[in-house]
Amino acid sequence: MHIKRLGIVGCGLMGSGIAEISAKAGYDVVVVEVTEEFLKKGISRIEASTQKAVDKGKSTAEERAKALGRIKGSTNMDDLKGCQMVIEAVVEKMDEKKRVFGILDTICPPETILASNTSSLSITEIACSTKNPERVLGLHFFSPVPVMRLLEVIRSIMVRDDVVEAGVAFGAAVGKETVVCKDAPGFIVNQLYLPYSLVAIRQWERGLASKEDIDKAMTLGLNYPMGPFTLMDFVGLDIHYNACMAIYEETKDPAYFPPPVLKKMIQAGHLGRKTGKGFYDYPSK
């Protein structure tokens, strides 16, 4: 399948990152948001990120201008009609994703590939909200999208082989290393990562060590780029919690059930870097 025009639903942290790398790779991109305010924030994020790349010498001003020129913002889902692939990157809630895919199924021609950037939800369930589930797959990018090298390509039991192959080819075209995974809760990375992060919280809660020392132990002892508390703050504690609960609700595996302190922090609005406070404080926010 030849993909020339790419659609993205959602221009938050993930959607804007996917739009950026896709435009840099030469794709024409249509990114849709629910309001002009959210769209403006997303486009501003792309402009800032691409300028940062220029400042660091990773891109030229000319390359930046060309990439930005390939991105069209919209608040109208009908503008996705001419896309050969559409990637959903909305909030990590099954009802909302199914609503989006139901709309895409009526707007996009049968040959258009529909993909979800979900980090943990069932691709099969999402696909069943459409009349053409064989064209639906998962494309799980990692944050920050312009930096992280991995793309998980998720295949449901219904998806066609050529759709999966197109997803792998797209990943390569935007500079990602791809892995193909069956549709299972949390896929590869989050099945391994989420229990590890919750163990770290429990270690801290029972006084085994401070947050700082647990983070230091994992960065220096295992050469991880970030410790678990720093990474949870970076991702967002609400996103982290929802991913854990999504896997727990499907598997009932207690390894994925978040400690109560995580829910309390979310209730208090301590979501990590984006709110200025999580496990650590970020005064600049």
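Residues numbered from 1 in each chain as written. Predicted model: local features only at pLDDT ≥ 70, side-chain atom pairs only at ≥ 80, totals over all residues. Heavy atoms only, no water.

A count of helical and extended segments in the protein chain gives 11 helices and 8 strands. For 285 residues, the compact-globule formula gives about 19 Å, and the C-alpha radius of gyration of the protein chain, at 19 Å, lands near that figure. Taken over the C-alpha atoms alone, the protein chain extends approximately 55 × 45 × 35 Å along its principal axes. Counted over contacts in the protein chain with a minimum sequence separation of 6, partners at least 24 positions apart contribute 67%. Here the protein chain holds 36 positive side-chain charges and 35 negative ones, and the gap between their average locations is 3 Å. (Helix = DSSP H or I, 4+ residues; strand = E, 2+ residues; numbered from the N terminus. Rg over C-alpha atoms; globule rule 2.2 N^0.38 Å. Contact = heavy atoms within 4.5 Å. Lys, Arg positive; Asp, Glu negative; His and termini not counted. Charge placed at Lys NZ, Arg CZ, Asp CG, Glu CD.)

What follows is about the sheet that holds strand S4 (residues 85-88). Sheet architecture is open: 8 strands sit in the order S3-S2-S1-S4-S5-S6-S7-S8, paired in mixed fashion. Both edges of this open sheet fall to strand S3 (71-74) and strand S8 (177-182), since each of them pairs with a single strand only. Across the sheet, the axes of successive neighbouring strands diverge by a mean angle of 25°, strand direction being ignored. Pairing between strand S2 (residues 28-32) and S3: 4 bridges, direction parallel. Within S3, the residue paired with Val31 across the bridge is Gly73. Helix-sheet contacts for helix H4 (residues 94-107) involve strand S1 (5-9), S4, strand S5 (113-116) and strand S6 (136-141), and the interaxial angle to S5 is about 170°. (Pairing = 2+ DSSP bridges. Axes fitted to C-alpha atoms, helices over the stretch in contact; angles between N-to-C directions.)

Attention now goes to the packing of helix H1 (residues 13-24) against helix H2 (residues 36-55). Each pair of packed helices can be described by the angle between their axes along with the distance between the axes. H2 packs onto H1 with a crossing angle of 50° between their chain directions and a minimal axis gap of 9 Å. The orientation of H1 relative to H2 falls into the category oblique. Judged by the sense of rotation from one axis to the other, the crossing of H1 with H2 is right-handed. Packed against H1, whose contacting residues are Leu13, Ser16, Ala19, Glu20 and Lys24, the element H2 presents Gly42, Arg45, Ile46, Ser49, Thr50 and Ala53 at the interface. (Parallel < 35°, antiparallel > 145°, perpendicular 65-115°, else oblique. Left-handed = near helix turned anticlockwise from the far one by under 90°.)

Here the focus is the pattern of salt bridges. A full pass over the atoms with the stated rule returns 13 salt bridges. A salt bridge links Lys41 to Glu37; the shortest N-O distance between them is 3.7 Å. Of this pair, Lys41 and Glu37 are both found in helix H2, 4 residues apart, which corresponds to roughly one turn of the helix. For Lys41, a relative accessible area of 47% translates into the label partly exposed. Residue Glu37 is classed as exposed on the basis of its relative accessible area of 51%. Measuring nitrogen to oxygen at the nearest pair gives 2.4 Å for the salt bridge that ties Lys97 to Glu88. Its relative accessible area of 1% is what places Lys97 among the buried residues. A residue is classified by how much of its surface remains accessible, and Glu88, at 0% relative accessible area, is buried. (Salt bridge = Lys/Arg side-chain N within 4 Å of Asp/Glu carboxyl O. Buried < 20%, exposed > 50% of the residue type's maximum accessible area, 1.4 Å probe, protein only.)

On to unusual backbone geometry, then. For residues other than glycine, phi is negative in most cases, and the peptide bonds are mostly trans. The residue after Ser143, namely Pro144, is reached through a cis peptide bond having omega -5°. Relative to the elements of secondary structure, Pro144 occurs in the loop between S6 and strand S7 (150-155). Not every positive phi belongs to a glycine, and Phe187 is a case in point at roughly 55°. Note on placement: Phe187 falls in the loop between S8 and helix H7 (189-205). One non-glycine residue, Lys252, lies in positive phi territory at about 60°. By secondary structure assignment, the location of Lys252 is in the loop between helix H10 (237-251) and helix H11 (260-267).

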